[in-house]
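Analysis of the macromolecular model
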Amino acid sequence: MRSDWNQRAREDPHYYVAFGGRDQDEESFLATAADVLRFLESELKRLPILSDGRQGAVVRRALEIGCGPGRLMKPLSRHFDEIHGVDVSDEMIQLAGERLRDIPHAHVQATNGASLAQFADHSIDFVYSYAVFQHIPSREVVLEYMSEIRRVLTAGGIFRGQFNGLPHSAIPDTWSGVVFSSEEIRRFTRENALQLLELTGVDTQYMWTTWRKPSAPPPTAYLPPPSIHRLTNAHSWEPVIPNRGRHAAVSIWMKNLPAECDLNSLEVAIDGEPGILFYIGPPGVEGLQQVNAWLPDSVRTGLVPVEIRWNGARLCKPATVRIIPAGPAVPRIVAITDGVNLVQKNASTTGLLKIQIEEITSPDSITATIDGRPVERLEFLCVDPRPPRYEVNLRLPDGLSPGRYRLEIQVERRRLLPAEVDIFPAI
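For the structure given in this document, a descriptive report is provided here. Model, not experiment: these values are computed from the prediction. (Residues numbered from 1 in each chain as written. Predicted model: local features only at pLDDT ≥ 70, side-chain atom pairs only at ≥ 80, totals over all residues. Heavy atoms only, no water.)

Here we look at unusual backbone geometry
Omega for the peptide link from proline 387 to proline 388 comes to -10 degrees, which places this bond in the cis form. Within the fold, proline 388 resides in the loop between strand 22 (373–384) and strand 23 (389–395). At aspartate 203, a residue that is not glycine, the phi angle is positive and equals roughly 70 degrees. Within the secondary structure layout, aspartate 203 lies in the loop between strand 6 (195–200) and strand 7 (207–212). A positive phi angle, near 55 degrees, is found at glutamate 412, a position not held by glycine. (Helix = DSSP H or I, 4+ residues; strand = E, 2+ residues; numbered from the N terminus.)

So, the pattern of salt bridges
Charged atoms that come close allow side chains of opposite charge to pair. For the structure shown, the criterion picks out 23 salt bridges. As a salt-bridge pair, glutamate 198 and arginine 160 come within 3.1 Å of each other at their nearest N and O atoms. Here glutamate 198, found in strand 6, pairs with arginine 160, found in strand 5 (residues 153–163); they are 38 residues apart in sequence, far enough to count as distant. Each of the two residues, glutamate 198 as well as arginine 160, counts as buried. Between aspartate 422 and arginine 404 there is a salt bridge, with the nearest N and O atoms lying 2.8 Å from each other. Placement of the pair is aspartate 422 in strand 26 (residues 419–423) and arginine 404 in strand 24 (residues 403–411), with a sequence separation of 18 residues. Residue aspartate 422 is classed as buried on the basis of its relative accessible area, which comes to 19%. With relative accessibility at 55%, the residue arginine 404 sits in the exposed group. Bridged by salt links that share partners, the residues Arg246, Arg332, Glu358, Glu359 and Arg389 form one connected network. (Salt bridge = Lys/Arg side-chain N within 4 Å of Asp/Glu carboxyl O. Buried < 20%, exposed > 50% of the residue type's maximum accessible area, 1.4 Å probe, protein only.)

Some thoughts on helix 8 (residues 182–191)
Ile185, Arg186, Phe188 and Thr189 are the residues of helix 8 that are buried. Looking straight down helix 8, one finds its buried side chains confined to an arc of 165 degrees; they lie on one side. Each element contacted by the buried residues of helix 8 is listed here: helix 7 (139–152), strand 5, strand 6, strand 7 and strand 13 (276–280). One or two residues past the end of helix 8 sits alanine 193, with phi positive at roughly 55 degrees. (Arc of directions from axis to C-beta. Contact = heavy atoms within 4.5 Å.)

Some remarks on the packing of aromatic side chains
Geometrically, a pair of aromatic rings is defined through the distance of the ring centres and the angle of the planes. Summed over all chains, the structure comprises 17 aromatic pairs. Ring plane angle 25 degrees and centroid distance 6.4 Å describe the contact between phenylalanine 163 and tryptophan 211, whose orientation is recorded as stacked. Here phenylalanine 163, found in strand 5, pairs with tryptophan 211, found in strand 7; they are 48 residues apart in sequence, far enough to count as distant. As far as burial versus exposure is concerned, phenylalanine 163 and tryptophan 211 are alike and both buried. Seen in terms of ring centroids, tryptophan 237 and tryptophan 253 are 5.3 Å apart; in terms of plane orientation they differ by 15 degrees. Their pairing is stacked. With tryptophan 237 in the loop between strand 8 (227–233) and strand 9 (240–242) and tryptophan 253 in strand 10 (residues 249–255), this pair connects stretches of sequence that are 16 residues apart. (Phe/Tyr/Trp six-rings, centres within 6.5 Å; stacked < 30°, edge-to-face > 60°.)

Structure, rendered in structure tokens:
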């Protein structure tokens, strides 16, 4: 791993870390982190409020596993008194040191690629990792990292990380590493007494998960009993939910949810059938907590009861939600980029195109033409099973001169709305 990632650091570190485009400048490279930063910063509100009876300030610490050249550490450093980064590549660590040289509380070091032995037990409040475990070819190494995360987290500390959750994987190497199923994540957190608070992107390459290391629960003698305050669509504030598709998920807004609850101990029954819980939010300003679940595939329409159980027992009185028929699937193109330089929208400099198409059920039937000339379909990948959304890689016909062309895509007998694509000379 060290040899391969050192070579990538020497060749084009911005590309191999962000995978957005070749030879990105500093501003463009840091901009590629915007979406990931939102995913990470949203979890900081889960951290316990700092309080300490001793003299002196309490230090809050973060750790990034696989920090690369410091793309995420630089903006996240503003939230912590200390921020640490480790990476198997000493070349990447050198680049990170240069990028972070003006941030005195940011510290980076090369690691052996599996252990966090340099960090004491219960010493880190927030551990995070993005696009790292999906490149590790050894399941044992990833599992060791997972155990190390539990060891170094403080009581009440949070881990936010991304795993490759695809159902199948090629032979693992240092680019296409091992995959982990959602059930494996659930089992690991159960067996290691970690609270599982989020598990999203299941069955995709970018499966996100949030864990909390339990702290002492608050006294419960005077807490009011839990209750369901309201039910809404998990993707909006609307009180209705379609019975299938990307928006077929319910938000259960809970009052007085016990602090010990997590996705492994809670269950939801929707009209008596089990839903799939995937998110428990932090307490809000009104004391409400959002608990999200996908609807069962066979749910009926109309007013249906929703019940929450904790450790097998009913947690509170059920509530009802209105389920409506979903609209028909409408296949459509949602994104077109160069097949390699993903920052190039509706354009290609490599002779390749990457197309994202939603709400199709037969991706193997996709055909494409550019100005009437057939385009070769190289491969397709399901990137989100819920809309569903597929990523399709295409090779353009040989001999196209630079200019603007009309791209037309057909799925079975349905022609999608055409798009215009600019073809540029190879860089």
